[in-house]
Amino acid sequence: MLNKLIVIAALLLPACFAHAHEYKAGELEIAHPWSQELPPNAPTVAAYFIIHNAGKTDDRLLSVDSPIAPEAQLHEHVMQGDLMKMQQVPSVAIPAGGNVTFAPMAYHVMLLNPRDRSLLSDGKRFPLTLHFEKAGDITVEVSVQKKPPETTQAHAHAQ
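What counts, and at which threshold
- Residue indices follow the written sequence of each chain, beginning from 1 at its first position.
- Given that this is a predicted model, residues contribute local features only at a pLDDT of at least 70 and side-chain atom pairs are listed and counted only at 80 or more, while totals for whole chains, interfaces and linings are drawn from all residues.
- The side-chain figures draw on all heavy atoms in the structure; neither hydrogens nor water molecules are used.
- Partly exposed describes any residue whose relative accessible area lies between the buried limit of under 20% and the exposed limit of over 50%, with all areas from a 1.4 Å probe on protein chains only and scaled to the type maximum.
- Counting from the N terminus, the helices are the DSSP runs of H or I reaching at least four residues and the strands are the DSSP runs of E reaching at least two.
- At least two bridges found by DSSP between two strands is the condition for calling them paired.
- In this text, buried Ala, Val, Leu, Ile, Met, Phe, Trp, Tyr and Cys residues form a nonpolar core when linked through side-chain atoms within 4.5 Å.
- The contact rule is simple, with two residues in contact once any of their heavy atoms fall within 4.5 Å.
- When a carboxyl oxygen of Asp or Glu is within 4 Å of a side-chain nitrogen of Lys or Arg, the pair counts as a salt bridge.
- As used in this structure description, the phrase polar contact means that two N or O atoms lie within 3.5 Å; if the pair is within protein, one of them must be able to donate a hydrogen and the other to accept it, and residues adjacent in sequence are counted only when both atoms belong to side chains.

Going by an unreviewed UniProt entry, the protein chain carries the name Copper chaperone PCu(A)C and comes from Pseudomonas tensinigenes.

So what's going on with the pairing of strand β3 (residues 44-53)? Residues and values would help.
Summarising burial for β3: 8 of the 10 residues are buried, a large majority. As paired strands, strand β2 (residues 28-36) and β3 are joined by 5 bridges and run antiparallel to one another. Within β3, the residue paired with Glu-29 across the bridge is His-52. Looking at chain direction, β3 and strand β8 (residues 99-102) are connected through 4 bridges and run antiparallel. Its bridge partner being in β8, Ile-50 is matched across the sheet by Thr-101.

Please set out the nonpolar core residue by residue, giving values where relevant.
If you look at the biggest cluster of nonpolar residues, it comprises 29 residues, and the most contacted ones within it are Ile-51, Leu-128 and Leu-130. Setting aside its immediate chain neighbours within four residues, Leu-128 contacts Ala-47, Phe-49, Val-64, Asp-65, Ser-66, Val-109, Leu-111, Ile-138, Thr-139, Val-140 and Val-142. Counting 5 residues, the second largest nonpolar core, distinct from the first, contains Ala-46, Tyr-48, Met-110 and Leu-112.

Tell me what's going on with the pattern of salt bridges, and back it up with residues and numbers.
Under the criterion given, the structure shown has 2 salt bridges. In this structure, the salt-bridge partner of Lys-146 is Glu-37, at a minimum N-O distance of 3.0 Å. You can see Lys-146 sitting in the loop between β11 (136-145) and α2 (152-156) and its partner Glu-37 sitting in the loop between β2 and β3, a full 109 residues away along the chain. Note on Glu-37: relative accessible area 24%, which makes it partly exposed.

So what's going on with the pairing of β2? Which residues, and what values?
Taken across its 9 residues, β2 has 8 buried, putting it largely inside the fold. In terms of strand pairing, strand β1 (residues 22-25) meets β2 through 4 bridges, oriented antiparallel. Bridge assignment links Lys-24 to a residue of β2, and that residue is Glu-29. In this antiparallel pair of consecutive strands, β1 and β2, the connection spans 2 residues, and Gly-26 shows a positive phi of 60°. Where β2 lies against β11, 3 bridges are found, and the strand directions are parallel. For Gln-36, the partnering residue across the bridge sits in β11 and is Gln-145.

How would you summarise unusual backbone geometry if you had to cite specific residues and measurements?
Phi angles above zero are rare outside glycine, and Met-105 is one such case at about 70°. On the basis of relative accessible area, Met-105 is assigned to the partly exposed category, the value being 47%. The residue Asn-113 is not glycine, and still its phi comes out positive at about 50°. Along the chain, Asn-113 turns up in the loop between β9 (108-112) and β10 (125-132). Under the relative-accessibility criterion, Asn-113 is labelled exposed at 52%.

Describe the environment of Arg-117, with residues and values.
Position of Arg-117 relative to the elements: it lies in the loop between β9 and β10. You can call Arg-117 partly exposed: its relative accessible area is 31%. A sequence separation of 48 residues divides Arg-117 from Ala-69, and the C-alpha atoms of the two residues are 9.1 Å apart. Setting aside its immediate chain neighbours within four residues, Arg-117 contacts Pro-39, Pro-40, Asn-41, Ala-42 and Pro-43. Engagement of the side chain of Arg-117 in a polar contact is seen with the backbone oxygen of Pro-40, the distance being 2.9 Å.

The following block contains the structure:
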């Protein structure tokens, strides 16, 4: 079953890149950064995207930041026993020739205690800077949406 999902995700990936907003730095491409609209008092905001490394060498996402929140962290979901748990990670490896998907129930960026909520409603965008070990800094515009993109579930399983 997992192999079928990986194949489906691989087939959908080019379509996602063709219709999404994309950002490039060197051999890295960041596709369709997005966040889901949340209630105005939510203490955290998550951001998602896909990183494609077209190069022949690995890279590493070291950290992220955004002017809308005083703190941004890299997180992942892991299964511990019978529970799915979220935990902070120090960095994320981006393999040469590979993709890393940031999606619900997978890797994601967590923005803590957002102070500028004016950009967190449907149709708005906010800046997010990704700091890579080799590619350097890439600033993207995260699109805030009422609902997740339809391809999110396929990508979440492609990890």
